[in-house]
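Observations on the model geometry
The primary structure of each chain is shown beneath.
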Amino acid sequence: INLGTSVLIPEQYISDLTVRMALYRRLAELASREEIDSFGGELIDRFGPLPEEVEHLLKIVAIKALCRRANVGKFDAGPKGCLVSFRNNSFPNPAGLIDMISVQQARLKLRPDHRLVFAKTWDLPEERLEGAEKFLKKLAAVAEDNTQVV
């Protein structure tokens, strides 16, 4: 996942390297939005308000979970939109993906190399994080639904 933003736990926020590494390990195991939000709350309780880098990190963890649900192997986003590569060049619900593309023809294209391109202006990293999460929620819903497009 590449969104062009800093995603880390700064040393100024948690100085103990062992604690930071343990928190990274815990983060890697989080799968649901509730777990991620709970983890963020715990960080605030233990260490104080979240720095921007940690907020971005928590959003990236949520985006990673959505990528798993949508069979996304690689996700790159920049100021002009995003490029999605699927694991093994396959999507769980091809008919739903085609429907999604047909509904959003102006912004969504499937390239011959099986990569999905979503054209959207996201100038700021925060916009990319929010936009990526919204887009991947829709894509995950399509992947998990064999009857209709969200």
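Here goes a summary of the coordinates provided. (Residues numbered from 1 in each chain as written. Predicted model: local features only at pLDDT ≥ 70, side-chain atom pairs only at ≥ 80, totals over all residues. Heavy atoms only, no water.)

This part takes up a negative patch on the surface. Side chains of E52, E55, D123, E126 and E127 sit close together on the surface and give a patch of like negative charge. Sorting the residues of the negative patch by element identifies α3 (52–69) and α5 (125–144) as the ones contributing at least two each. (Patch = residues over 30% accessible without salt bridge, like charges linked within 9 Å, V, L, I, M, F, W, Y side chains within 5 Å. Areas by Shrake-Rupley, 256 points an atom, 1.4 Å probe, with all protein chains shown as cover. Salt bridge = Lys/Arg side-chain N within 4 Å of Asp/Glu carboxyl O. Lys, Arg positive; Asp, Glu negative; His and termini not counted. Charge placed at Lys NZ, Arg CZ, Asp CG, Glu CD. Helix = DSSP H or I, 4+ residues; strand = E, 2+ residues; numbered from the N terminus.)

With that out of the way, let us pick up the packing of α3 against α5. Contact geometry for α3 and α5: axes closest at 8 Å, N-to-C directions at 20°. In terms of orientation, α3 and α5 fall into the roughly parallel class. Between α3 and α5 the crossing geometry is left-handed. Here E52, H56, K59, I60, A62, I63, L66, C67 and R69 of α3 lie close against α5, whose contacting residues are P125, E126, L129, E130, A132, E133, L136, K137, A140, A141, A143 and E144. Across the contact of α3 with α5, the residue classes tally to 12 nonpolar, 1 polar and 8 charged. (Axes fitted to C-alpha atoms, helices over the stretch in contact; angles between N-to-C directions. Parallel < 35°, antiparallel > 145°, perpendicular 65-115°, else oblique. Left-handed = near helix turned anticlockwise from the far one by under 90°. Contact = heavy atoms within 4.5 Å. Nonpolar A, V, L, I, M, F, W, Y, C, P; charged D, E, K, R; others polar.)

So, on to the nonpolar core. Grouped together as the largest cluster of nonpolar side chains are 28 residues, with contacts concentrated most on V72, F75, V84, L116, F135, L136 and L139. Put simply, the parts of the chain that give this core at least two residues each are α3, β1 (72–78), β2 (81–86), α4 (94–103), β4 (115–119) and α5. Broken down by element, the residue count for this core peaks at 8 residues, all from α5. Excluding its chain neighbours within four sequence positions, the residues that come into contact with L116 are C82, L83, V84, F86, L97, I101, L108, K109, L110, F135 and L139. If you look at the next biggest cluster of nonpolar residues, it comprises 15 residues, including I14, L50, V54 and A62. (Core = buried A, V, L, I, M, F, W, Y, C linked by side-chain atoms within 4.5 Å. Buried < 20%, exposed > 50% of the residue type's maximum accessible area, 1.4 Å probe, protein only.)

Before going further, it helps to spend a moment on the pairing of β2. Of all the 6 residues making up β2, 5 are buried; the element is thus mostly covered by neighbouring parts of the structure. Where β1 lies against β2, 6 bridges are found, and the strand directions are antiparallel. Note that in β2 the partner of D76 across the bridge is L83. Between β1 and β2, which follow one another and run antiparallel, lie 2 residues. Bridge count between β2 and β4: 5 bridges; the pairing is antiparallel. Among the inter-strand pairings, L83 is bridged to a residue of β4, identified as V117. (Pairing = 2+ DSSP bridges.)

This paragraph deals with the layout of surface pockets. Space left empty within the atom packing is revealed by a probe, the size of a water molecule, rolled over the atoms. Looking at the largest pocket, its volume works out to about 160 Å³. If you go around the largest pocket, the residues you meet are M100, Q104, F118, K120, W122, E130, G131, K134, F135 and K138. Broken down by element, the lining of the largest pocket gets its largest block of residues, 5 residues, from α5. Residue composition of the lining of the largest pocket, by class: 4 nonpolar, 2 polar and 4 charged. (1 Å grid on protein atoms, 1.4 Å probe; cavity = no way out; pocket = protein on both sides within 12 Å on 5 of 7 lines; lining within 4 Å. Points joined across faces, edges and corners; volume = space filled by probe spheres on them.)

Once that is clear, we can look at the sheet that holds β1. Spatially, β1-β2-β4-β3 is the arrangement adopted by the 4 strands of the open sheet, whose pairing is antiparallel. Both edges of this open sheet fall to β1 and β3 (108–110), since each of them pairs with a single strand only. Direction aside, the axes of adjacent strands within the sheet are offset by 15° on average. As paired elements, β3 and β4 share 3 bridges and run antiparallel to each other. If you follow L108 over to β4, its bridge partner there is F118. Of the strands in this sheet, β2, β3 and β4 are in contact with α4, which crosses β3 at around 135°.

Purely geometric stuff here, so don't read any function into it on its own.
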